[in-house]
Amino acid sequence: MGQNDRDCGEADGVIKMQKDKVSIIVPAYNAENTIERCIESCLKQTYSSYEIIIIDDGSTDNTAKICNQYAQKYLDIRYLYQQNAGAAAARNYGLNVSEGEFVTFCDADDILLSEYVEYLVSLLKKNEADISVCSYVKAFGEKKVKKTEADYKIYSSQCAMELFFYRKDITGYPVCKMYRKKIIGDIRFKTEYRLGEDFIFVYELLKTVSTVVISKKELYIYTQNFASITHTLRLEDKIKLWKYYESILENNANNVQRKKALISLMFIKSVDFSIVDKKELKNNGNKIFLQFATNNSKIILRDSQNKLIIRFLALCWTINSKLTLYLATIVKKINGKLLVFKKAI
C-alpha cells in the first residue's frame, strides 16, 4: 500500500505479528471494588508479551493490599505507589518506568476484552502506524459485548485530527488506543490542568504522528464512574482549558477544515461550560462561553460534517439561546440523575 492510500482510509484484515512487549498502565485511586476485575482482564489477554504497571495514586482503601497480592503472584505485574497527585501524574509515572515498545492505558474501573492488546498491536505493525484505536461500550458493572466486525481504516494525521475535533471515532481519552512508545517521547499529561489533560495529551500526540489506524471493533468496557456524574466543574478550570482551545484555534487559523472541526468541538464545550451555578452566573462567569456559542452557531449549522444532533442544538441556539441553555441545563441534570439511578440498581 502506497503512502497516498493512507489519506482517508483503507479497509483490511489483521495478521499475526512478532511478540513485542506492551506496557499496560493502570492508574488507581480507591479502586478496591473494581481493580481486581480490571487486573484479571489484563491477565487474560491473548497477547503474551506484556507488563501491567499499576500506579496507586495514594489510595486509602484496600487497593494496595489487592494489588500487592497480584504483584507477588505474577511477575508481569508491577505495583507502584505515589502520594495522591491525580490520574495525570499517575499515568506520567507509568510512562516514565514503562519498558514496552508499545503503550496502552486502562482505568482501574474498566475492562479490557481478551483480544484488546493483540488486535491493536497487529494494526500498528501491519500498517506501520503510530496509533491504533478501537471502540468501546459504556456500562455500569458487568456487560456482555456483542461481536463486532474487525474492519478498520487508515488515516493521515490531518484526517485523524479532524475526526478527533469532530468527536468521530477518536475520543479525547487516552484509553482505547495503542501507542508506539517512540512517538510519545517526552510528551506527558499536563498535571497543571484539572480539566482536559487527557484531551491535551491525545492532541499533542496526534500532532506528531503520520498514520493512525481506527477500528470500530469494541474491545474496551468503560464503566461510568459515580464521582464523575456528580462532579461540578470549577469555572477557573473551564477557563484555563478554554484558553488552550483558543491557542489551538489561533495556530490553525490558516487550515480551514481543521478550524471548522475545532469550532465544532468548542461550540459543544461552550454550551456545556455555560451551565454554571448561581454564584458564577451572577458574576457573568459564563460570558465568554455564551458569546462563542452565539458567534459560531450558524457556522455549525452550515458545516455538514457535524452530527445532526449538534446542528440541531446550533439551530435551537440561533432561535433562542436562553431557552436552549435552560433546556440543556435541565437535560444535563436529568441525565446525571438517571445515571445515578442506573448505578443504584
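Residues numbered from 1 in each chain as written. Predicted model: local features only at pLDDT ≥ 70, side-chain atom pairs only at ≥ 80, totals over all residues. Heavy atoms only, no water.

**What about the packing of helix α1 (residues 35-43) against helix α2 (residues 63-73)?**
Inference 1: Interaxial distance between α1 and α2 falls to 10 Å at its minimum, and their mutual angle equals 25 degrees. Put simply, α1 runs roughly parallel to α2. Along this stretch, α1 crosses α2, giving a crossing that reads as right-handed. Residues Ile 35, Glu 36, Ile 39, Glu 40 and Leu 43 of α1 touch α2, and the partners they reach there are Ile 66, Cys 67 and Tyr 70.
Inference 2: In terms of residue class, the contact of α1 with α2 is built from six nonpolar, no polar and two charged. (Axes fitted to C-alpha atoms, helices over the stretch in contact; angles between N-to-C directions. Helix = DSSP H or I, 4+ residues; strand = E, 2+ residues; numbered from the N terminus. Parallel < 35°, antiparallel > 145°, perpendicular 65-115°, else oblique. Left-handed = near helix turned anticlockwise from the far one by under 90°. Contact = heavy atoms within 4.5 Å. Nonpolar A, V, L, I, M, F, W, Y, C, P; charged D, E, K, R; others polar.)

**Observations concerning the environment of Gln 83**
Inference 1: Structurally, Gln 83 is set in the loop between β3 (77-82) and α3 (87-97).
Inference 2: C-alpha separation for the pair Gln 83 and Gly 58, spaced 25 residues apart in sequence, amounts to 4.7 Å.
Inference 3: Discounting residues that sit within four places of it in the chain, Gln 83 has contacts with Asp 57 and Gly 58.

**Concerning unusual backbone geometry**
Inference 1: Of note in the backbone geometry, Arg 167 takes a positive phi value of approximately 60 degrees without being a glycine.
Inference 2: Tracing the sequence through the fold places Arg 167 in the loop between α5 (157-166) and β8 (177-180).
Inference 3: A positive phi angle is found at Cys 176, which is not glycine, with a value near 65 degrees.
Inference 4: Among the structural elements, Cys 176 can be located in the loop between α5 and β8.
Inference 5: The buried category is assigned to Cys 176, whose relative accessible area is 4%. (Buried < 20%, exposed > 50% of the residue type's maximum accessible area, 1.4 Å probe, protein only.)

**Topic: the pattern of salt bridges**
Inference 1: A complete count under the given rule lists 13 salt bridges for this structure.
Inference 2: Ionic pairing is found between Glu 99 and Arg 78, a salt bridge with its closest N-O pair at 4.0 Å. Within this pair, whereas Glu 99 is found in the loop between α3 and β4 (102-105), its partner Arg 78 is found in strand β3, the two being separated by 21 residues in sequence.
Inference 3: Judged by relative accessible area, Glu 99 falls into the exposed class, the value being 54%.
Inference 4: A salt bridge links Asp 107 to Arg 91; the nearest nitrogen and oxygen atoms lie 2.8 Å apart. (Salt bridge = Lys/Arg side-chain N within 4 Å of Asp/Glu carboxyl O.)

**Considerations on the confidence of the model for the chain**
Inference 1: Mean pLDDT over the chain: 87, with 83% of residues reaching 70 or higher.
Inference 2: The low-confidence segment residues 9-18, where pLDDT is below 50, has 27 contacts with residues more than four positions distant or belonging to other chains.
Inference 3: Throughout residues 337-345 the model reports pLDDT below 50, and contacts reaching past four residues in sequence, or to other chains, amount to ten contacts. (pLDDT = per-residue confidence, 0-100.)

**Focus: the environment of Gln 291**
Inference 1: Positionally, Gln 291 belongs in helix α12 (residues 287-302).
Inference 2: In sequence terms Gln 291 and Val 271 are 20 residues apart; their C-alpha atoms lie 9.9 Å from each other.

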